[in-house]
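Per-entry structural report
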Amino acid sequence: MGTQKSQKSQGTQLGRRSVLGAAVLGAGGAVLGAPGAARADEPGSGGHHGGGGYRNLPVPTVIAHRGTSGYRPEHTFGSYQLALDMGADVIEAGDLVPTKDGHLVCRHEPEIGGTTDVSARTEFADRRTTKSLDGVATTGWFTEDFTLAELKTLRAKERIPATRPRNTLYDGRWEIPTFDEVLRWRERQSKERGKEVWIHVETKHPTYFRKLGLGLEERVAPLLRKYGVDKEKSPVFLQSFEPTSIQRLGKLVGNPLVVLLSTANSRPYDFVDSGDPRTVADLITPKGLEEIASYAQGIGPTLDLVIPKDKDGKLQAPTTLVKDAHDAGLILHPYTMRNENTFLPADFKKGTDPTAYGDAFGAFKAYFATGIDGVFSDNCDTALLAREDFRKA
């Protein structure tokens, strides 16, 4: 993209604005601009891909998962802004779900009992219900049963308070953002920083919502066009666990597209709905990846598809997924790295407290060594330091 070339000179400035670890991120900016930095076209070396658009992003790209979910309630402007100030390359600023009146809002799931204060709001007690969400009975409160005005009266809260009790300090501080607000925020931040702010955006349960008359893709596309970020080199990745949603988006906009991939034995729900018998294991074969490459630019696999674990939770030898995807011309942005023991491979846990931090740096090193192009992380400051270590090595 046109302004991305200024990233090296912006690195230190972003570091100074960082809320956590300012000095460290300033040093990281210096590494980005250091003479003789490793080239991205050398496997596992870091640097940049080159070629414009998303290929101008640093490699491995640090993607802030739902913002700084390790420090703030996810999918709030508090979470997004902190991630940007820390220096994340891309902000996942939008798991998109619709309201009753057709607006797109940012929530990890349409069920919002765990991420907002709706359960404490007596005026909405009668909205609690049980629905079949992609074939799974789910009980709670759903965005499609609320107007945008009603949702705006709610406040976000920490989704996993037992694991991240410190984040509960911020419960009630932020409202639910709309996708329109996110795009305005992205535009404003880009102008203020003199460089494009990149975001990752996901369509959530698109088959489910299409059957409710709330198709997501037809709502996403006009908003991207409204803000002029619907082109091939626009700083907005579009992603989905349903390949047909990505194919539909590809007919509406020109953005870089990413197919998300869950466990090997799982089936995308659009496949389940249409009777397509293929599993994720079929999609990650060379043939499956070639097919994905015919309509998308990348994949977002779970980390276990890159390096599987044994029965004790320890990392085994990497699969051939990185090589196979690269051979097909696809980039890989796996998910999700988190600092807490409970989320780390057994090799990198420390002590017996599941909520304590383990050796996240060791885990990052193992995953970066496979040649992945980026990674989603709840702790983007840790990810940025890990990338600096990786490049020095």
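Residues numbered from 1 in each chain as written. Predicted model: local features only at pLDDT ≥ 70, side-chain atom pairs only at ≥ 80, totals over all residues. Heavy atoms only, no water.

1. Observations concerning the environment of aspartate 327
Residue position: aspartate 327 is located in helix α13 (residues 321–327). Overall, aspartate 327 belongs to the exposed group, its relative accessible area being 52%. Note: C-alpha distance between aspartate 327 and leucine 289 (38 residues apart in sequence) is 9.0 Å. (Helix = DSSP H or I, 4+ residues; strand = E, 2+ residues; numbered from the N terminus. Buried < 20%, exposed > 50% of the residue type's maximum accessible area, 1.4 Å probe, protein only.)

2. Remarks on the pairing of strand β10 (residues 257–261)
Of all five residues in β10, five are buried, a share of seventy percent or more. The side-chain alternation of β10 yields two buried faces, one formed by Leu257, Val259 and Leu261 and the other by Val258 and Leu260. Judged from the three bridges that link them, strand β9 (residues 236–240) and β10 form a sheet pairing that is parallel. Residue pairing across strands places leucine 238 opposite leucine 257, the latter belonging to β10. With respect to chirality, the unit in which β9 leads through helix α8 (residues 243–252) into the neighbouring parallel β10 is right-handed. Sheet topology note: the β10/strand β11 (residues 298–301) ladder contains four bridges and is parallel. Bridge pairing in β11 places valine 259 opposite isoleucine 299. (Pairing = 2+ DSSP bridges. Right-handed = clockwise from strand over helix to strand, strands pointing away.)

3. Quick word on the pattern of salt bridges
Charged atoms that come close allow side chains of opposite charge to pair. Inspection of every chain in the model, using the stated rule, returns 30 salt bridges. The shortest N-O distance in the salt bridge between arginine 278 and glutamate 291 comes to 3.0 Å. Here glutamate 291 lies in helix α11 (residues 286–293) and arginine 278 lies in the loop between α9 (269–274) and α10 (280–283), a separation of 13 residues in the sequence. For arginine 278, a relative accessible area of 25% gives the class partly exposed. For glutamate 291, a relative accessible area of 35% puts it in the partly exposed group. (Salt bridge = Lys/Arg side-chain N within 4 Å of Asp/Glu carboxyl O.)

4. Looking at the packing of aromatic side chains
Evaluation of the coordinates by the stated rule reveals 11 aromatic pairs. With a centroid separation of 5.1 Å and an interplanar angle of 75 degrees, the aromatic rings of phenylalanine 124 and phenylalanine 146 are classed as edge-to-face. With a gap of 22 residues between them, phenylalanine 124 in the loop between β5 (104–106) and β6 (129–133) and phenylalanine 146 in the loop between β7 (136–140) and α4 (148–151) connect regions that are remote in the sequence. The burial state of phenylalanine 124 is the same as that of phenylalanine 146; both residues are buried. Ring plane angle 50 degrees and centroid distance 5.6 Å describe the contact between phenylalanine 368 and phenylalanine 390, whose orientation is recorded as tilted. One end of the pair, phenylalanine 368, is in helix α14 (residues 360–368); the other, phenylalanine 390, is in helix α15 (residues 380–392), and 22 residues separate them in sequence. With respect to burial, phenylalanine 368 and phenylalanine 390 carry one shared label: buried. The rings of Tyr54, Trp198 and Phe237 are connected pair by pair, giving a single aromatic cluster. For arginine 173, the ring lying beneath its charged end belongs to tryptophan 174, and the centroid distance is 5.9 Å. (Phe/Tyr/Trp six-rings, centres within 6.5 Å; stacked < 30°, edge-to-face > 60°. Lys NZ or Arg CZ within 6 Å of the ring centre and 35° of its normal.)

5. Describing the nonpolar core
Counting residues in each nonpolar core, the largest one holds 86 residues, and the members touching the most others are Ile91, Phe179, Ile199, Leu224, Leu238 and Ile299. Every residue in contact with leucine 238, bar those within four places of it in the chain, is listed here: Val201, Val220, Leu224, Ile246, Leu249, Val253, Asn255, Pro256, Leu257 and Val258. Core analysis: the second largest hydrophobic core is formed by 11 residues, Ile63, Phe237, Leu260 and Ile331 among them. (Core = buried A, V, L, I, M, F, W, Y, C linked by side-chain atoms within 4.5 Å. Contact = heavy atoms within 4.5 Å.)

6. Focus on the environment of aspartate 373
With respect to the secondary-structure elements, aspartate 373 resides in the loop between α14 and β13 (374–377). Separated by 39 residues in the primary sequence, aspartate 373 and proline 334 place their C-alpha atoms 8.5 Å from one another.

7. A look at helix α5 (residues 179–193)
With 15 residues, α5 should cover 21 Å at 1.5 Å per step; its first-to-last C-alpha distance of 21 Å lies within 8% of that length. All buried positions along α5 are accounted for by Phe179, Asp180, Val182, Leu183, Trp185, Arg186, Gln189, Ser190 and Arg193. Immediately beyond the C-terminal end of α5, within one or two residues, lies glycine 194, with a positive phi of roughly 70 degrees. (Expected span 1.5 Å × (residues − 1).)

Purely geometric stuff here, so don't read any function into it on its own.
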